[in-house]
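Spelled out from the first residue to the last, the chains are:
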Amino acid sequence: MKVNVTYLLNLNIITKSLFMGIAIVYLVFGGGMVWDVCADISPDERKALIALYNSTDGDNWNNSNQWKEPPLDADGFAMPGTESNWYGISLDGAETTVERIDLYDNNLRGAISPELGNLTSLVRLQLSRNQLTGSIPLEIGNLSNLQRLHLWRNELTGSIPSQIGDLSNLLCLDLSDNQLTGSIPPEIGSLSNLQELYVGQNQLTGSIPSEIGNLTSLMELYLSWNQLTGSIPPEIGTLSNLQRLSLEGHQLTGTITSEIGNLTNLMYLYLAYNGLTGSIPTEIGTLTNLVRLHLSRNQLTGSIPPEIGNLTNLVRLHLNSNNLTGTIPTSLTDLINLSDTTTDIGYNALYTDDDTLRVFLNGKDPDWEDTQTIAPENVAAAPVSSSSIQVSLTPITYTAGPGGYRVFHSATSDGPYTLFGTTADKSVSQMEITGLDSSTTYYCIVQTRTEPNGSNPNTVDSDYSEEVSATTAQNPGGTEDRRRGGGGCFIATAAFGSPMERHVGILRDFRDQYLHSCQFGRKFISTYYRYSPPVAHLISKDETLKTVVRIGLLPLVAVSYAMLHFGPTLTLTIIALLLIPPIFLVSFHRSRLRS
């Protein structure tokens, strides 16, 4: 039998090739091996990753792909060289060291393992939005190459370790929304490259360290909603790159440091919900890039500085629930970008007489004027007796909050004044000042006060009203001219134009001589003082109304004159005689109609 040698040689080559291919396939796919096999990281780094897995209940992570993909090493995890495929782990370009860990929102439970400190090449550590407990390990300070440390929204406790100050390459530190206690370590001031610092929504105490002023690269500083005390350090004014400063929700006291005016790149300034006192610094007007300004619920006093009108980029302005007083500057009309849903200047003691500004503010904060504690209008004073005078007023619009009208008096114009008392609430329109000397002129002013309440934790006092005066009546039996008594006949004064006008004097003398002497008369006077000031105010503004009222008062003036000069008996006789002819004529006319 003849054998084809060429055929046998080709068959041998094919057979060898086939076996070699099978061997390659077995080596690549057999036993669960994968194509992507990288160089080994160091045993210490591998142990650090395994320690993190075990300490945070890795078997119950939302995603732990490839961490325990067979074949397994003796340590129970995927073979060395596979770490670059483990979920959340990134290696450097040479695949020899761990560079990033990102296990965000992955159901990690338990403590952060201290072995993480062995990952000295780590650039980013992201463990936010998990259920991590325990403290931040001190060994985290070994991560000298770390640029971003994110541990926010966990349940971490204990203090912020001072070793964090060793992370000289750190750009972002976010520890917010945990349960951290203790103070902010001053060593944070060593992080000269830091651009973002977030430690808000914890339980931190103590003061804001002045060393924060060393963080000149800082662009975001968020310390809000802790329990920090003390004042805002002036060193904060050195953070010239700062765009967001959030110090809300603490127990900070003292004034708003004027150095804040140096932060010319600032866009967001949140200082609300503290105990800051003093006035709003005029230097805030230099922050022309500001978009949001929140100063509400402090104890700020004084007026709104007109320089706030320079902040033409402002979209949100919250000045509510302080103790700001006085006239609102018209420069606020320059804030054309203000939102009509996020502007709030309510619950202060502010007002304006400028109609243009009022229309502007009504468009931005519709109920601002209805919540202001302002001085009452139409304040008037009138004698009630030889030892008392009555102060009346028109109640302000904001009567909801607890408080009342504080009534002051003095025997000297422009004071010094003595507080007599406070009305029961802000709907009361009068108060009688008693215990005064007879035949004495007293000068009175009124101030509105709103006590602390759910809308404002402060006691808010308005400006003082205009000064008014009244003279107490002469003692019974006295001979002093009663015309010296000041004011009280509000409607007559408005109609005739002066309290010294002759007709007004006749009515005033009738009041002092007859009405004061009986209980019914005194009650009538009290009611009159309560309701007449607003009516008098309307009369004083309208010349036609003045004429009508003057004519209507003439019969009353005539009767009062007769009573004062002829006595009650003769006056009543004269009135009766005057009434007989018209009564007779009417009766005669009716009888003629019947017939």
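Residues numbered from 1 in each chain as written. Predicted model: local features only at pLDDT ≥ 70, side-chain atom pairs only at ≥ 80, totals over all residues. Heavy atoms only, no water.

Draft legend 1. Quick peek at the layout of surface pockets. Estimates place the volume of the largest pocket at around 590 Å³. In terms of lining residues, the largest pocket is bounded by 25 residues, among which Ile-374, Ala-375, Pro-376, Glu-377 and Asn-378 are the most central. Mapped by element, the contributors of at least two residues to the lining of the largest pocket are β16 (349-351), β17 (377-385) and β23 (460-464). Counted by class, the lining of the largest pocket contains 11 nonpolar, six polar and eight charged residues. (1 Å grid on protein atoms, 1.4 Å probe; cavity = no way out; pocket = protein on both sides within 12 Å on 5 of 7 lines; lining within 4 Å. Points joined across faces, edges and corners; volume = space filled by probe spheres on them. Helix = DSSP H or I, 4+ residues; strand = E, 2+ residues; numbered from the N terminus. Nonpolar A, V, L, I, M, F, W, Y, C, P; charged D, E, K, R; others polar.)

Draft legend 2. Looking closely at unusual backbone geometry. With an omega dihedral of 0°, the bond running from Pro-70 to Pro-71 counts as a cis peptide bond. Its location among the elements puts Pro-71 in the loop between α2 (43-55) and β1 (89-91). Look at the link from Gly-415 to Pro-416: it is a cis peptide, with omega at 10°. Its location among the elements puts Pro-416 in the loop between β19 (403-410) and β20 (418-422). Despite not being glycine, Asn-107 has its phi angle at roughly 65°, a positive value. For Asn-107, the location among the structural elements is in the loop between β2 (98-102) and β3 (109-111). Despite not being glycine, Asp-414 has its phi angle at roughly 70°, a positive value. In this structure, Asp-414 sits in the loop between β19 and β20. We classify Asp-414 as exposed; its relative accessible area is 65%. (Buried < 20%, exposed > 50% of the residue type's maximum accessible area, 1.4 Å probe, protein only.)

Draft legend 3. The pattern of salt bridges, seen in detail. The final tally for this structure, using the stated rule, is nine salt bridges. Across the salt bridge formed by Glu-83 and Arg-46, the nearest N and O atoms sit 2.7 Å from each other. Here the residue Glu-83 occupies a position in the loop between α2 and β1, and Arg-46 occupies one in helix α2, the gap between them amounting to 37 residues. For the residue pair Glu-83 and Arg-46, the accessibility class agrees, reading buried in each case. (Salt bridge = Lys/Arg side-chain N within 4 Å of Asp/Glu carboxyl O.)

Draft legend 4. The environment of Leu-197, seen in detail. Structurally, the position occupied by Leu-197 is in strand β8 (residues 196-198). Looking at Leu-197, the relative accessible area reads 1%, which means it is buried. Spatially, the C-alpha atoms of Leu-197 and Tyr-222 are 6.2 Å apart, while their sequence positions differ by 25 residues.

Draft legend 5. Geometry of the sheet that holds strand β21 (residues 430-433). The strand order across the open sheet built from three strands is β17-β18-β21, with neighbouring strands paired in antiparallel fashion. Edge strands, defined here as strands with exactly one partner in the open sheet, are β17 and β21. The average angle at which neighbouring strand axes cross in this sheet is 20°, direction not considered. Across four bridges, the pairing between strand β18 (residues 388-394) and β21 is antiparallel. Paired with Gln-390 across the two strands is Glu-432, which belongs to β21. (Pairing = 2+ DSSP bridges. Axes fitted to C-alpha atoms, helices over the stretch in contact; angles between N-to-C directions.)

Draft legend 6. Representation of the side chain of Gln-372 in the model. Looking at the secondary structure, you find Gln-372 in the loop between α3 (355-364) and β17. Residue class for Gln-372 comes out buried when judged on its relative accessible area of 1%. At 2.9 Å, the side chain of Gln-372 forms a polar contact with the backbone nitrogen of Leu-350. In terms of polar contacts, Gln-372 uses its side chain to reach the backbone carbonyl oxygen of Trp-368, at 3.0 Å. (Polar contact = N/O pair within 3.5 Å; in protein donor to acceptor, adjacent residues only side chain to side chain.)

Draft legend 7. Quick look at the nonpolar core. Ile-101, Leu-197, Leu-221, Leu-245, Leu-269 and Leu-293 are the most contacted members of the largest nonpolar core, which has 90 residues in total. Secondary structure elements with two or more residues in this core: α2, β1, β2 and α3. Sequence-distant contacts of Leu-269, that is, excluding residues within four places in its chain, are made with Leu-245, Ile-260, Ile-284, Leu-287, Leu-290, Arg-292, Leu-293 and His-294. (Core = buried A, V, L, I, M, F, W, Y, C linked by side-chain atoms within 4.5 Å. Contact = heavy atoms within 4.5 Å.)

Draft legend 8. Summary view of helix α5 (residues 502-513). The terminal C-alpha atoms of α5 lie 16 Å apart, and with 12 residues this matches the ideal 16 Å at 1.5 Å per residue to within 8%. For α5, a buried count of 10 out of 12 residues is recorded, marking the element as mostly surrounded by other parts of the structure. Where α5 is concerned, the buried positions are His-503, Val-504, Gly-505, Ile-506, Leu-507, Arg-508, Asp-509, Phe-510, Arg-511 and Asp-512. (Expected span 1.5 Å × (residues − 1).)

Draft legend 9. How the structure looks around empty space enclosed by the protein. Per the counting criterion, the structure on display carries two cavities of 30 Å³ or more. Computed from the structure, the second largest cavity encloses a volume of approximately 50 Å³. Every residue along the wall of the second largest cavity is listed here: Tyr-347, Asn-348, Thr-371, Thr-373, Tyr-398, Thr-450, Asn-453, Asn-456 and Val-460. Residues of the lining of the second largest cavity, tallied by class, amount to three nonpolar, six polar and no charged.

Draft legend 10. Seen up close, the pairing of strand β22 (residues 441-450). The element β22 is largely enclosed, with a buried count of seven among its 10 residues. Both β19 and β22 contribute to a ladder of eight bridges, which runs antiparallel. The residue bridging Gly-403 from the neighbouring strand is Thr-450, located in β22. Strand direction decides the pairing type here: β22 and strand β24 (residues 468-471), joined by four bridges, are antiparallel. Bridging from a neighbouring strand, Tyr-442 pairs with Ala-470 of β24.

Draft legend 11. Inspection of the environment of Asp-463 at higher detail. Assignment of secondary structure puts Asp-463 in strand β23. For the pair Asp-463 and Ala-349, spaced 114 residues apart in sequence, the C-alpha separation works out to 7.6 Å. Once residues lying within four places of it in the same chain are set aside, the contact partners of Asp-463 are Thr-325, Gly-326, Tyr-351, Ala-375, Val-446 and Gln-447. Polar side-chain contacts of Asp-463 include one of 3.2 Å to the side chain of Tyr-351.

Draft legend 12. A look at the packing of aromatic side chains. Within the structure shown, the criterion is met by 13 aromatic pairs. Ring plane angle 90° and centroid distance 5.0 Å describe the contact between Tyr-53 and Phe-77, whose orientation is recorded as edge-to-face. Taken together, the positions of Tyr-53 in helix α2 and Phe-77 in the loop between α2 and β1 put the pair 24 residues apart, joining distant regions of the chain. The two residues Tyr-53 and Phe-77 agree in class, both being buried. Ring centres 6.5 Å apart and planes at 70° place the aromatic pair Trp-67 and Phe-77 in the edge-to-face group. You can see Trp-67 sitting in the loop between α2 and β1 and its partner Phe-77 sitting in the loop between α2 and β1, a full 10 residues away along the chain. Aromatic ring contacts, followed pair by pair, group Tyr-53, Trp-61, Trp-67, Phe-77 and Trp-86 into a single cluster. Looking at Lys-68, its charged tip hangs above the ring of Phe-77, at a distance of 5.1 Å from the centre. Here Lys-426 stacks its cationic end above the ring of Tyr-398, 3.9 Å away from the centre of that ring. (Phe/Tyr/Trp six-rings, centres within 6.5 Å; stacked < 30°, edge-to-face > 60°. Lys NZ or Arg CZ within 6 Å of the ring centre and 35° of its normal.)

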